[in-house]
Amino acid sequence: MKKVGFILLLMFGVSSYAQTDIASDHPDSLRMYVSDPVPVYTKAYMNQYRRYKRIIVKVYPYALYAADVLYELEEDAEEINKRRKKKRLYKDTYKDLKSDFKYFVLDLYTSEGRMLMKLVHRETGMTVFEIAEKYRGKGSAFVFETMGKIWDQDVNVKYDPIKTDKIAEHVIQDIESGIISFNKKVDRIEKEEYKTVKQERKKRIRKNKKQRRKSR
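These remarks concern the structure in this document. Small disclaimer: the values here were computed from a predicted structure and weren't measured. (Residues numbered from 1 in each chain as written. Predicted model: local features only at pLDDT ≥ 70, side-chain atom pairs only at ≥ 80, totals over all residues. Heavy atoms only, no water.)

### Some details on the overall build of the chain
Now for step 1: If you tally the helices and strands in the chain, you get seven helices and two strands.
Now for step 2: Seen in sequence order, the chain has helices and strands lined up from the N terminus as β-β-α-α-α-α-α-α-α.
Now for step 3: For the chain, restricting intrachain contacts to residue pairs at least 6 apart in sequence, the fraction spanning at least 24 positions comes to 73%. (Helix = DSSP H or I, 4+ residues; strand = E, 2+ residues; numbered from the N terminus. Contact = heavy atoms within 4.5 Å.)

As structure tokens, then:
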């Protein structure tokens, strides 16, 4: 598992207004034009924005997919009166969702996995722990929490668009407005495919290391 830590930078955007002197009856006077506020961002802010953009474009489709699955699950559950049948529906759907995510999540950097969990909370209103608890019970949720810690992940993490995740929210707003090109298609990865990808990646890493040694 590759792990990439990151420093969350705190930046502020400032606004500037374009305007000229107030016009008068004098023909040489300048007219006044008032525009909407133009946000001005620091270099550090834009560096973080670009970094989040790369991560979010990769993981956001899976957060949207999870939200769609859980929304449909709740709709189907409303039509089931018997508790046992509803519990079975929850179990089967959660199992399928977990299967869809399993090998994709294993292939993520730590920072990408953390962002995915935040975006799942953004789209579903529940943390990953709360989802596991609701659909599989507290026992399974706590096991899942322990496994998350092994991979340096917090399954209780929440998305905060006002403070800690305001740059991420900026990216998502640009996705939703069409400024950032985005494909919401979810690519499922099977176990054998995942193994093949991992093996090919290890070969490339070894090859690159050898080339670097030779170039020294």
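Continuing now.
### Let's talk about the side chain of Lys118
Now for step 1: As for its position among the elements, Lys118 is in helix 3 (residues 110–124).
Now for step 2: With residues near it in sequence (within four places) discarded, Lys118 still touches Val157, Lys158, Tyr159, Thr164 and Asp165.

### Quick word on the packing of helix 1 (residues 43–78) against helix 4 (residues 128–136)
Each packed pair of helices is defined by two parameters, the angle between the axes and the distance between the axes.
Now for step 1: Running from amino to carboxyl end, helix 1 crosses helix 4 at an angle of 30°, the nearest separation of the two axes being 13 Å. Looking at the two axes, helix 1 sits roughly parallel to helix 4. Helix-helix and strand crossings are classified by hand; for helix 1 and helix 4 the assignment is left-handed. Residues Leu70, Leu73 and Glu74 of helix 1 lie in contact with helix 4, whose contacting residues are Ile131, Lys134 and Tyr135. (Axes fitted to C-alpha atoms, helices over the stretch in contact; angles between N-to-C directions. Parallel < 35°, antiparallel > 145°, perpendicular 65-115°, else oblique. Left-handed = near helix turned anticlockwise from the far one by under 90°.)

### A few points about the nonpolar core
Taken as a class, soluble globular proteins show a tendency for nonpolar side chains to be buried jointly.
Now for step 1: In terms of nonpolar packing, the biggest core is built from 42 residues, with Ile56, Tyr60, Met115, Leu119 and Tyr135 touching the most fellow members.
Now for step 2: Of all the secondary-structure elements, those providing two or more residues to this core are helix 1, helix 2 (83–106), helix 3, helix 4 and helix 6 (166–176).
Now for step 3: For this core, the leading source of residues is helix 1, giving 16 residues.
Now for step 4: Apart from the residues lying within four places of it in its own chain, the contact partners of Leu119 are Ile56, Val59, Tyr60, Ala63, Tyr159 and Ile172. (Core = buried A, V, L, I, M, F, W, Y, C linked by side-chain atoms within 4.5 Å. Buried < 20%, exposed > 50% of the residue type's maximum accessible area, 1.4 Å probe, protein only.)

### Re a positive patch on the surface
Now for step 1: On the surface, Arg83, Lys87, Lys91, Lys95 and Arg136 cluster together to form a positively charged patch.
Now for step 2: Here the positive patch takes four residues from helix 2, the largest share from any one element.
Now for step 3: Note on placement: Lys87 falls in helix 2.
Now for step 4: For Lys87, a relative accessible area of 63% gives the class exposed. (Patch = residues over 30% accessible without salt bridge, like charges linked within 9 Å, V, L, I, M, F, W, Y side chains within 5 Å. Areas by Shrake-Rupley, 256 points an atom, 1.4 Å probe, with all protein chains shown as cover. Salt bridge = Lys/Arg side-chain N within 4 Å of Asp/Glu carboxyl O. Lys, Arg positive; Asp, Glu negative; His and termini not counted. Charge placed at Lys NZ, Arg CZ, Asp CG, Glu CD.)

### Details of the packing of aromatic side chains
Now for step 1: Here the structure, examined in full by the defined rule, presents three aromatic pairs.
Now for step 2: Their ring planes at 45° and their centres at 5.5 Å tell us that Tyr60 and Phe182 sit as a pair that is tilted. Here Tyr60 is found in helix 1, whereas its partner Phe182 is found in the loop between helix 6 and helix 7 (191–215), with 122 residues between them in sequence.
Now for step 3: On the basis of relative accessible area, Tyr60 is assigned to the buried category, the value being 3%.
Now for step 4: Its relative accessible area of 24% is what places Phe182 among the partly exposed residues. (Phe/Tyr/Trp six-rings, centres within 6.5 Å; stacked < 30°, edge-to-face > 60°.)

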